[in-house]
Amino acid sequence: MPPRIRYSTGLPVPTTDGIGHSNFEKQEPAMFGYFLRRVLAAVPVMAVVALFVFLLLRLTPGDPAAIIAGDMATPQQLEKIRTALGLHEPIHIQFLTWVQRLMNGDFGVSLLSNKPVTTLIAQRLEPTISLAILTIILTILISVPMGVLAAWRHGSWIDNIVMSASVLGFSIPVFVTGYILIQIFALNLGFVPVQGFTSISKGIGPFLERAILPALTLSSIYIALIARMTRAAMLDVLGEDYVRTARAKGLDEKAVLFRHALRNAAVPILTVIGTGFALMISGVVVTESVFNIPGLGRLTVDAILARDYPVIQGLILFTSGIYVLINLLIDLSYAFLDPRIRY
Amino acid sequence: MATSVERRVEPVIRRRILPVVEVRGLGFASILAGICLLVIVLTGIFAPLIAPYDPIQMNPAVRLKPASDTFLLGTDAYGRDLFSRIVYGARISLTVGIGAAIISVAIGLPLGLLAGFFRILDAILMRIMDGLMAIPSILLAIAVVSLAGAGLWTVLVAITIPEIPRVVRLVRSVVLTAREEPYVEAAIAVGSSLPKIMWRHLMPNTLAPLIVQATYICASAILIEAILSFLGAGIGTETPSWGNIMSEGRVYFQLKPSLIFWPGLVLSICILSINLLGDAARDLLDPRLKQRGGLK
């Protein structure tokens, strides 16, 4: 999916003090107010997500109970679902009861396995989280140096290669990347096993052996996105006076690039790592089915095939919540990353 | 040296909506992309003339045959010609891509114009859009398809919903800057009607960025359709689409990888071409972004 990046954080664009030095000692008391405002701003977003998920089932043409139960349902089953969803109540009461249950951590019960959705999600959490963390580490290790190099040698062949690789990364679907990697590294070269998952508790070696291909697959779009963003942010910063000053006072290029320039380019890069997280969630669903990993993505696919709506609904609420939380943390971290930003 | 990084030149105010397209300014890559896309579009339109076999007709006698003179790319597990199926698959992908781009612009443009113009509406609408954008688009699409059942229309709706907020945000941001312009003030002063101000004075500003955005939506929609079909939540399996072909090929991957690689290759080329054309359109329409390497 070609991602669209935007600076939509509502933050003031950082202004330069001409020196570009960070000053971590000065913390303003006004920041607490900013923290509180940002945390509160996440509430309506989650409310809209919840409302949307709630209305989706009710607004789909047809009887919600029949939609959930499928074509083969008996009248008894339909009645059971209606009672479980509270469909006999007026719609606003339904919504309030539903939200109240969510607040108490009750996400409903799977129609397929009759287990609580929260239990199902908790069971599948570990593979997905370890895969996600490995992906983010790989992404940052690969894409940030790529972007810095491209900006540093702007217009050169390095730049062209990085930019072409990033367009390719956007355009090749995750599952195609996955199968190409399996074909080359697992089937042809035999470096790693084809599919499956080993928990990190069984040792870091066995975990990496199985997780490295899926993580590379998943990071392909992410790397493309962040390399582009790093390049763009670095290009902006490299034109600043303080970079020239740093060079003029004889600092070596490495220090100029990484200590002065990259640090000042960090805010937009971090923003994109946050917004790109939604891409990764989408990628997880596909990657896990390609590599046969028993995580949240597989849970999603199993739920689709069984039309297990409560599980799908729970997964949407859960992943959207994580997305909002991560972007909230990133917003809050701006204050520490770039002390020039005042609220 | 990196010190030669050019300062960004302030853009010349352009009054034309669409600058005259200079073909010479286009890079080799975008011309190649244009040709690839043209070939795919023509293939989709003339699919019945190009495909040597019926893409749906099963023939167990020739299952999983390798590529040969009779079957250009071999056959799948049901003995259907892979080449013919890929040719027909272009129809679904292009329909979904173009359809999603048109529908999301048709809904997002008026919403964005209103949000950019009326403050109260803006606050409400933007909260809704923020919420929609927090839902990962694949999961949202999956939820819609699992509720409403497989089918072209369902898939189209499922793909379009998550794209709308992006269009609304884009249009709104353009309107927010444009409405401070003197010509809008002048239009208000001479008593132009509100719909006229919005349509004649504000809307044209959004066209250039919208065209670029629409190409990205088109690429994204084609990709999501393929993913949905691949996961088994797309258009019904009886219709050949690139995602469906790959989904069925998964089981036989170790036996016959070409069932995944050929549709995957065509899909990648298609998306790549649209993205490159989008980049070219952006460079032509908004030269300011060119140097930054794009903020898609």
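Each value, and the rule that gives it
Residues numbered from 1 in each chain as written. Chains lettered and ligands numbered in written order. Predicted model: local features only at pLDDT ≥ 70, side-chain atom pairs only at ≥ 80, totals over all residues. Heavy atoms only, no water. UniProt positions renumbered as here; feature names shortened; annotations may be inferred. Helix = DSSP H or I, 4+ residues; strand = E, 2+ residues; numbered from the N terminus. Contact = heavy atoms within 4.5 Å. Buried area = accessible area lost by both parts, 1.4 Å probe. Salt bridge = Lys/Arg side-chain N within 4 Å of Asp/Glu carboxyl O. Polar contact = N/O pair within 3.5 Å; in protein donor to acceptor, adjacent residues only side chain to side chain. Nonpolar A, V, L, I, M, F, W, Y, C, P; charged D, E, K, R; others polar. Axes fitted to C-alpha atoms, helices over the stretch in contact; angles between N-to-C directions. Parallel < 35°, antiparallel > 145°, perpendicular 65-115°, else oblique. Buried < 20%, exposed > 50% of the residue type's maximum accessible area, 1.4 Å probe, protein only.

Draft legend 1. Examining the UniProt feature "domain: ABC transmembrane type-1" (unreviewed entry) in chain B more closely. UniProt records the feature "domain: ABC transmembrane type-1" (unreviewed entry) for residues 90–278 of chain B in the present numbering. With 84% helix and 0% strand, residues 90–278 of chain B has end C-alpha atoms that lie 19 Å from one another.

Draft legend 2. Quick look at the interface of chain A and chain B. Listed per partner, the contact involves 65 residues of chain A and 67 residues of chain B. Surface buried jointly by chain A and chain B totals about 5,600 Å² across both partners, of which 70% is contributed by carbon and sulfur atoms. Our enumeration of links across chain A and chain B arrives at 1 salt bridge. Applying the counting rule to chain A against chain B returns 3 residue pairs in polar contact (both at pLDDT 80 or more). Broken down by secondary-structure element, the contributors of at least two residues to the side of chain A that touches chain B are helix 1 (30–59), helix 6 (157–171), helix 7 (174–188), helix 8 (204–238), helix 9 (241–248), helix 12 (277–291), helix 13 (296–305) and helix 14 (309–337) of chain A. Class assignment for the residues of the side of chain A that touches chain B results in 44 nonpolar, 11 polar and 10 charged.

Draft legend 3. Fine view of the packing of helix 7 (residues 182–189) of chain B against helix 8 (residues 194–231) of chain B. Residue and element names in this part refer to chain B. Between helix 7 and helix 8, the least distance of the axes is 11 Å, while the angle of their chain directions is 175°. Here helix 7 is positioned roughly antiparallel relative to helix 8, judged by the angle of their axes. Here helix 7 contributes Tyr 183, Val 184, Ala 187 and Ile 188 to the contact with helix 8, which in turn contributes Ile 197, His 201, Leu 202 and Asn 205. In terms of residue class, the contact of helix 7 with helix 8 is built from 6 nonpolar, 2 polar and no charged.

Draft legend 4. Layout of unusual backbone geometry. Residue and element names in this part refer to chain A. Its identity is not glycine, yet Asn 114 carries a phi of approximately 65°, on the positive side. With respect to the secondary-structure elements, Asn 114 resides in the loop between helix 4 (91–103) and helix 5 (117–152). At Asn 292, a position not held by glycine, the phi torsion is positive, near 60°. Using a relative accessible area of 39% as the deciding quantity, one classes Asn 292 as partly exposed.

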